[in-house]
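Below, each chain spelled out in residue letters.
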Amino acid sequence: MAMLEVKNLTTFYKTRMNEKVCSVDNVSFTLEEGKSLGIAGESGCGKSTLAMSVMGYYFPPLNYESGSIIIDGKEITKLPPDTIRTTVLGTDIAYIPQAAMNALNPTRKIIRFIEDVLQAHGTKMTKSEIRHLAQERFAILNLPEKVLDQYAVELSGGMKQRTIIAISTILNPKVLIADEPSSALDVSSQKIVIKLLHDLMQKKFVRSMLFITHELPLLYNVTDDIMVMYAGEIVERGSAKEMIFDPIMPYSKGLMNSIIVPEDGTRGHILQAIPGSPPNLKKRPVGCRFGDRCKYADELCRKDSVNEQNASIGRSYRCRHPLEELYQIYENELPALLGDNEEKK
Ligand SMILES: Nc1ncnc2c1ncn2[C@@H]1O[C@H](COP(=O)(O)OP(=O)(O)OP(=O)(O)O)[C@@H](O)[C@H]1O
Ligand SMILES: [Mg+2]
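Undergrad: In this structure, what is going on with the coordination of the magnesium ion (ligand 2)? I would like to understand it.
TA: Octahedral six-donor coordination of a metal ideally yields angles of 90 or 180 degrees, compared with 109.5 degrees for tetrahedral four-donor coordination. Surrounding the magnesium ion (ligand 2) are the protein donor atoms S48 (OG) and Q98 (OE1), at 2.0 to 2.2 Å. Of this pair, S48 sits in helix 1 (residues 47-53) while Q98 sits in the loop between strand 6 (93-96) and helix 3 (110-120), and the two are 50 residues apart along the sequence. A relative accessible area of 18% means that S48 is categorised as buried.

Spelled out as structure tokens, the structure:
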């Protein structure tokens, strides 16, 4: 069953100069119950804007243009902001923003944030009942209970992030969006945060998850499916394994060639950066948005807009070239992408 269905969603920023920056452009995808979906892409491709947009809660400079968002069968797109805030956020969908741990008010105890979340949803619980609920949840998630009476400044980065995740999910959201939840942490704290997210899904406190990061190897370990975004569009989607080891669209291919996944068969892989930079989103690019940077682009790619194509069930990509043609091109290039060791075999 779909927990989140996004159909043709378009949102934009209005700059102070009254220019429109279309950072989420006609985006459609589904997230099934019990599944986690990763969103990858270079900085500025629209990952965080997509995350904010699917909450249906818009405030300047972000604006809604068109499309729909359905959470567990409920259309939330046209609901007034107040209704979204009190009946959707936290319960239907919870968002852990990028750099959330730097945003916690340092002068308040952690328990106060939990009271805020519950009170914003009109809880009839007393303070002691809220504390009891918080203690119970912290215990299940292996978080020390004493944190509830500490201030954010007293917590380490990793503990702060785990606490934020526990607070954000206290109302058992149907969809959790974690935007770069572990990027600012050291490796061991990262692992603990990822385990916490995994536990939340396992214990069904969270029924589906959108996980945003530019660290692709992390997505491989954490998510079922991966979507790649480029210039406000979804350019490819597939299972995590397919996306890492068998990307189709030239941009995804470039992205995967720029990382190391510690798996058999990837040794000797030469890392290659994608030359150039993404287009300016103040003007909707004509033709394929990756066209200017794509070494396989021809006249038609730069002229016609590109629709999504299905490669197989659950697998789609946005490129004008047929699948066989792309595979043929990649096959011919293979020796160039392998290091000495592989080439000599
Ligand atoms: N407040 C804003 N006003 C105008 N444009 C904005 C605003 N915030 C973001 N943008 C633009 O929207 C686009 C998408 O930004 P977004 O933050 O969603 O990217 P991202 O993929 O999350 O990047 P990162 O990996 O760096 O977090 C960028 O081109 C950015 O310049
Ligand atoms: Mg971001």
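Undergrad: Explain the sheet that holds strand 2 (residues 20-32) here, please?
TA: Each strand in a sheet pairs with another by means of backbone hydrogen bonds, the pair being arranged parallel or else antiparallel. Taken in spatial order, the 4 strands of this open sheet run 2-1-4-5, and their pairing is antiparallel. In the strand order of this sheet, the two ends are held by strand 2 and strand 5 (74-75), each with one partner. Note: strand 4 (residues 62-71) against strand 5, 2 bridges, orientation antiparallel. Of the residues in strand 5, the one forming a bridge with I70 is E75.

Undergrad: Any chance you could explain the pattern of salt bridges here in plain terms?
TA: Working definition: two side chains of opposite charge can pair if their charged atoms are close together. A full pass over the atoms with the stated rule returns 23 salt bridges. Among the salt bridges present, the one from E42 reaches R293, with a minimum N-O distance of 3.0 Å. Taken as a pair, E42 in the loop between strand 3 (36-40) and helix 1 and R293 in the loop between helix 9 (250-257) and helix 10 (299-303) lie far apart in primary sequence, 251 residues in all. Each of D25, E233, R284, R289 and R318 takes part in one network of salt bridges that share partners.

Undergrad: Which parts of the structure should I look at to understand the nonpolar core?
TA: A general trend in soluble globular proteins is that nonpolar side chains are found buried together. Counting residues in each nonpolar core, the largest one holds 73 residues, and the members touching the most others are I110, I114, F211 and Y251. Per element, the largest residue contribution to this core is 6 residues, and it comes from helix 6 (residues 187-202). For this core, the domains that each give at least three residues are domain 1 (2-226) and domain 2 (247-344). Setting aside chain neighbours within four positions, we find F211 in contact with L37, G38, I39, A178, P181, I194, L197, L218, L219, V222 and T223. Listed in part, the 32 residues of the second largest apolar core include F29, L31, V175 and I212.

About the thresholds
- Residues numbered from 1 in each chain as written.
- Chains lettered and ligands numbered in written order.
- Predicted model: local features only at pLDDT ≥ 70, side-chain atom pairs only at ≥ 80, totals over all residues.
- Heavy atoms only, no water.
- Donors = N, O, S within 2.8 Å, 3.2 Å for Na, K, Ca; no water.
- Helix = DSSP H or I, 4+ residues; strand = E, 2+ residues; numbered from the N terminus.
- Buried < 20%, exposed > 50% of the residue type's maximum accessible area, 1.4 Å probe, protein only.
- Pairing = 2+ DSSP bridges.
- Salt bridge = Lys/Arg side-chain N within 4 Å of Asp/Glu carboxyl O.
- Core = buried A, V, L, I, M, F, W, Y, C linked by side-chain atoms within 4.5 Å.
- Domains from an automatic or database assignment.
- Contact = heavy atoms within 4.5 Å.

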